[in-house]
Amino acid sequence: MAESFKYKGNKGNGGELHQLPEADDQRMTTAQGCPVSDNQNSLKAGERGPTLLEDQVMREKIFAFDHERIPERVVHARGYGAHGYFESYGNASDLTCADLFQRKGEKIPVFTRFSTVAGNKGSGDVARDVRGFAVKFYTQEGNWDLVGNNIPVFFIQDAMKFPDLIHAAKQEPDRGFPQAQTAHDNFWDFASLSPESVHMLMWAMSDRAIPRSFRFMEGFGVHTFKFINANGDEKFVKFHWKPTSGLQSVVWNEALKINGADPDFHRRDLWDNIQVGNFPEWELGVQVFDQEFADNFEFDVFDATKLIPEEQIPVTKIGKMVLNRVVDNFFAETEQVAFCTQNIVPGIDFTQDPLLQGRNFSYLDTQTKRLGGPNFTHIPINAPQCPMRHFQQDGHMAMKNPKGRVNYEPNSWDRDENNPRACPAHGFKSSSQHIEGDKLRYRSETFSDHYSQALQFYNSQTDVEKMHIQNAFVFELSKVEKQAIRERVVSHLLNVDEDLAHAVAKGLGLPEMPEKAEAAMPTRTDLKVSDALSILKNGPASFAGRKLGIFCSDGADSEQLNSLITAVKKEGAMHEVIAPTINGVTLSDGSHIEGNQKIDGGPSVLYDAVAVLLSDKQVDEICKVPEAKDFVMDAFAHQKFVIYNDAAKKLFDELNLTAKMDDGFIDITTNEANKIIGNLRNLRFWQR
Ligand code: HDE
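For every chain, the first residue of its written sequence is number 1, and the numbers climb from 1 along that sequence. Local features are withheld for residues below a pLDDT of 70 in this predicted model, meaning they are given only at 70 or higher, and side-chain atom pairs are given and counted only at 80 or more; totals for whole chains, interfaces and linings count all residues. Calculation of side-chain values draws on the structure's entire complement of heavy atoms; hydrogens and water are dropped beforehand.

1. Points about the sheet that holds strand β11 (residues 547–552)
Right, on to step 1. DSSP calls a pair of strands paired once it identifies at least 2 bridges connecting them. Where helices and strands are cited, they refer to DSSP runs of H or I of at least four residues and of E of at least two residues respectively, numbered from the N terminus. Read from one edge of the open sheet, six strands run β15-β12-β11-β16-β17-β18, paired in parallel fashion. Each edge of the sheet is formed by a strand with only one pairing partner; in this case those strands are β15 (597–598) and β18 (665–667).
Right, on to step 2. Any two residues having at least one pair of non-hydrogen atoms within 4.5 Å are treated as being in contact. Note on geometry: axes are lines fitted to C-alpha atoms, helical ones only across the stretch in contact, with angles between N-to-C directions running from 0 to 180 degrees. Helix α15 (residues 558–570) contacts β11, β12 (574–579), β16 (609–613) and β17 (642–644) of the sheet and is inclined by roughly 170 degrees relative to β11.

Pasting the structure below:
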């Protein structure tokens, strides 16, 4: 494509190319390369028209515009991607012969796309939802797509139920709303009639579903896969991504406000951080186990509604991923990237998890529809970065066309790169498995415990996190119109935890408690607490990668402000200055500091912590600005640390906050900047 813009001239009469003057390199052309003389006015008969059908330049331009859209993904439509690399630690080569894990320190390219599930392409980033976490590894033996989520379990056990789940979760078909949220009747009706979803509902109602940033989420392959080594030995594996900067989520009231203040909160965060060189990093870990463990484990390892606690099978880190390059073009890369669970490489294999089996059909089918034909592997973002040799040919938009006469096999033509053969020694081999049984539609009995791990998850949370889960159930179910659906959900929660069920029933104002839902299996109470399941128990050790919002007024103390900014930078964090006008403020020493946000465009929900540095000169004026008051009140309500100076106290007085000021309020006059940063590392003052 780029080549056609480098057009330099015309081949006249088979002679040498005539070179155009250098300046003409910039000239606009049609898609056919014809130079355009006027890009503002269509061709008309007479000065005032009508426009002529003859205007091939305008017709081509509008035709191209009309065809700009491709079908958006049915699920995971809203997403954001970045390039990077995966570096192997070299410690997995005895487990798998997958080429990417063979050599310590070797880096291979990756492309990662994060997404929400239910919302359409233009929906807000901070919806309560599962996040997709899909990674395409461009290995030397083909592309491996690890298409996972930020939650290790799923709503359903069998692919057969997926279209119903998604229909129920997305906007209702008659009214076309609500957008990007499960807080409506259809979702909860379906979920409460599918008890297998209860474990996942606990995760979806937890803070995992409102991450602060893609950078602070875990990722999970969800299904059990297989690793196969060079000797053909097999092990089961579950894949985990662990962010090196710890886990972090927003609180729900914040999420609601962020979606209004910055619907692109997550994509902007990823873009901005990569642009300033703050590259997000995750370690890839595996839980490895054998058939014997699988046979003795409390649940079926092929049931995607169950996880294996890390305390039972620890996660071994086998490499790391760093995202260090934003896309050049959103459509070409993030939109056209085509993840397929079927894309695996020698050394990795599927298991018979019935959800995974269904996915292996769905993704290829979806990409063919979305990208318009079978040749989507010719699009650069999807093309393997290793040789591709086969006899597949033709079709829409075929860009890579083999040379030569031979296009079938077996053949007796000379062997060369255009005449490849299967390679029994090194080619992909499915692991052999003895299978026997009746042909039937069946859900294995081993899949029928729906509540035990839901309870284990709940028990593993801190009190703050438990409260958030209760509140989320109450919020979502309060949007449900039918009382019977609300009651049905509570009847399931009674099988999980009585206190949780009662808290939700109380929040909903249910006149009486429903009966416990009938359970296929009794809830186990012997499963141990797993600290790995909590976000707050796995927070960061530093404020690095986080953002401080500094609300300043004219006359604010320059020394205080500058030492705070220096300490924030030293910590590896970012800051923004929020000012009464976007022009910024003049500080006590007469210096000027630019504003990054005007106060009404920079609410405190966009920051991990805030500072309010005012001056006697301007504080009275600021006390009258509603957005300035919201800035402080929201930060207070969202348990954020608030750094303040003397003049800011007047604003706090105005808000009746003075008596409520706790240790989450940090006086900049009496605390050293480094000590302040020490506090910020806790991210929130949860005691409030
Ligand atoms: Fe997907 N899923 N899915 N899914 N999924 C798609 O493929 C599907 C499931 C996941 O950034 C679609 O390209 C079925 C589990 C991610 O482009 C589609 C079933 C998990 C992404 C599809 C599942 C996922 C998708 C839509 C049940 C976590 C976005 C567009 C059997 C392990 C990838 C597309 C990206 C996308 C089907 C269940 C993760 C329709 C049938 C479980 C991260 O093919």
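2. Re the pattern of salt bridges
Right, on to step 1. Whenever a carboxyl oxygen of Asp or Glu lies within 4 Å of a side-chain nitrogen of Lys or Arg, that contact is scored as a salt bridge. Scanning the model with the defined rule gives 34 salt bridges in all.
Right, on to step 2. Asp 269 serves as the salt-bridge partner of Arg 215, at 2.8 Å between the closest nitrogen and oxygen. Taken together, the residues Arg 215 in the loop between α5 (198–204) and β5 (219–220) and Asp 269 in helix α7 (residues 265–275) connect sequence positions 54 residues apart. Note on accessibility: Arg 215 and Asp 269 belong to one class, buried.
Right, on to step 3. Through salt bridges with shared partners, a single network forms among Arg 208, Glu 218, Lys 242 and Glu 310. Only protein chains enter the area calculation, which uses a 1.4 Å probe; residues under 20% of their type maximum are buried, those over 50% are exposed, and those in between are partly exposed.

3. Some words on the packing of helix α3 (residues 162–169) against helix α4 (residues 185–192)
Right, on to step 1. Taken N-terminus to C-terminus, the directions of α3 and α4 make an angle of 145 degrees; their axes are 7 Å apart at the nearest point. Residues Asp 164, Leu 165, Ala 168 and Ala 169 of α3 pack against Asn 186, Phe 187 and Phe 190 of α4.
Right, on to step 2. A breakdown of the residues in the contact of α3 with α4 according to their chemical character gives five nonpolar, one polar and one charged. We call Asp, Glu, Lys and Arg charged. Ala, Val, Leu, Ile, Met, Phe, Trp, Tyr, Cys and Pro are nonpolar, and the rest, Gly among them, are polar.

4. Let's talk about the pairing of β12
Right, on to step 1. Of all six residues in β12, five are buried; the element is thus mostly enclosed.
Right, on to step 2. Relative to β12, β11 runs parallel, the two being bridged by five bridges. Across the sheet, residue Phe 551 finds its bridge partner in β12, namely Ile 578.

5. Some points on the site of the ligand
Right, on to step 1. Taken together, 21 residues form the shell around the ligand, and within it Arg 73, Arg 113, Tyr 363, Thr 366 and Gln 367 come nearest.
Right, on to step 2. Arg 113 is positioned with one of its side-chain polar atoms (N or O) 2.7 Å from an oxygen atom of the ligand.
Right, on to step 3. In protein, a polar contact means a hydrogen-donor-capable atom and an acceptor-capable atom, both N or O and within 3.5 Å, with residues adjacent in sequence counting only if both atoms are side-chain atoms; elsewhere, any N or O pair within 3.5 Å suffices. One nitrogen or oxygen atom from the side chain of Tyr 363 is found 2.6 Å from a nitrogen atom belonging to the ligand.
Right, on to step 4. For the shell around the ligand, the elements supplying multiple residues, two or more each, are β3 (131–139), β4 (142–149) and α10 (354–371).
Right, on to step 5. Among the elements that make up the shell around the ligand, the one with the highest residue count is α10 (six residues). One heavy atom within 4 Å of a molecule or strand is enough for the residue carrying it to be called near that molecule or strand.

6. Considerations on α10
Right, on to step 1. How far a helix is expected to stretch is found by multiplying one less than its residue total by 1.5 Å. An ideal rise of 1.5 Å per residue puts 26 Å on 18 residues; α10 measures up with 26 Å between its terminal C-alpha atoms.
Right, on to step 2. Of all the residues in α10, the buried ones are Leu 355, Leu 356, Arg 359, Asn 360, Gln 367, Arg 370 and Leu 371.
Right, on to step 3. Packed against the buried residues of α10 are β4, β6 (225–228) and α9 (330–335).
Right, on to step 4. N-capping of α10 is provided by Asp 353, with a side-chain oxygen placed 2.8 Å from the backbone N of Leu 355.
Right, on to step 5. With its phi angle positive at about 90 degrees, Gly 372 sits one or two positions after the end of α10.

7. Some words on the nonpolar core
Right, on to step 1. Put simply, a nonpolar core is a bunch of buried Ala, Val, Leu, Ile, Met, Phe, Trp, Tyr and Cys residues held in one set by side-chain atoms that sit within 4.5 Å of each other. Judged by nonpolar contacts, the single largest core of 53 residues is most densely connected at Phe 155, Trp 188, Met 202, Phe 473, Leu 500 and Val 504.
Right, on to step 2. If you list the elements that add at least two residues to this core, you get α3, α4, α5, α11 (452–459), α12 (463–478), α13 (483–496) and α14 (498–508).
Right, on to step 3. Contacts of Leu 500, omitting those with residues within four sequence positions, involve Met 202, Tyr 458, Ile 469, Gln 470, Phe 473 and Leu 493.
Right, on to step 4. Core analysis: the next-biggest nonpolar cluster, separate from the first, contains 36 residues, Ala 82, Val 237, Phe 239 and Leu 356 among them.

8. A word on the side chain of Arg 212
Right, on to step 1. Positionally, Arg 212 belongs in the loop between α5 and β5.
Right, on to step 2. Polar side-chain contacts of Arg 212 include one of 2.6 Å to the side chain of Asp 608.
Right, on to step 3. Contacts of Arg 212, omitting those with residues within four sequence positions, involve Gln 248, Ser 249, Val 250, Phe 265, His 266, Asp 269, Arg 546, Lys 547 and Asp 608.

9. What to know about the packing of α13 against α14
The geometry of a pair of packed helices is captured by two quantities: the angle between their axes and the separation between those axes.
Right, on to step 1. Between α13 and α14, whose axes approach to 6 Å, the crossing angle comes to 155 degrees. By the angle class used here, α13 and α14 are roughly antiparallel. Contact residues: Arg 486, Val 490, Leu 493, Leu 494 and Val 496 in α13; Glu 498, Leu 500, Ala 501, His 502, Val 504, Ala 505 and Leu 508 in α14.
Right, on to step 2. Residue classes in the contact of α13 with α14 are distributed as nine nonpolar, one polar and two charged. Should an angle fall under 35 degrees it is taken as roughly parallel, and over 145 as roughly antiparallel, whereas 65 to 115 is taken as roughly perpendicular and any remaining angle as oblique.

10. Quick notes on the confidence of the model for the protein chain
Right, on to step 1. Scored from 0 to 100, pLDDT reflects the predictor's confidence in each residue. Mean pLDDT over the protein chain: 96, with 97% of residues reaching 70 or higher.
Right, on to step 2. Within the protein chain, no element has a lower average pLDDT than helix α1 (residues 2–5), which sits at 40, and none a higher one than β3, at 99.
Right, on to step 3. Segment residues 1–12: pLDDT under 50, and 17 contacts once partners within four positions in sequence are set aside and those in other chains are kept.

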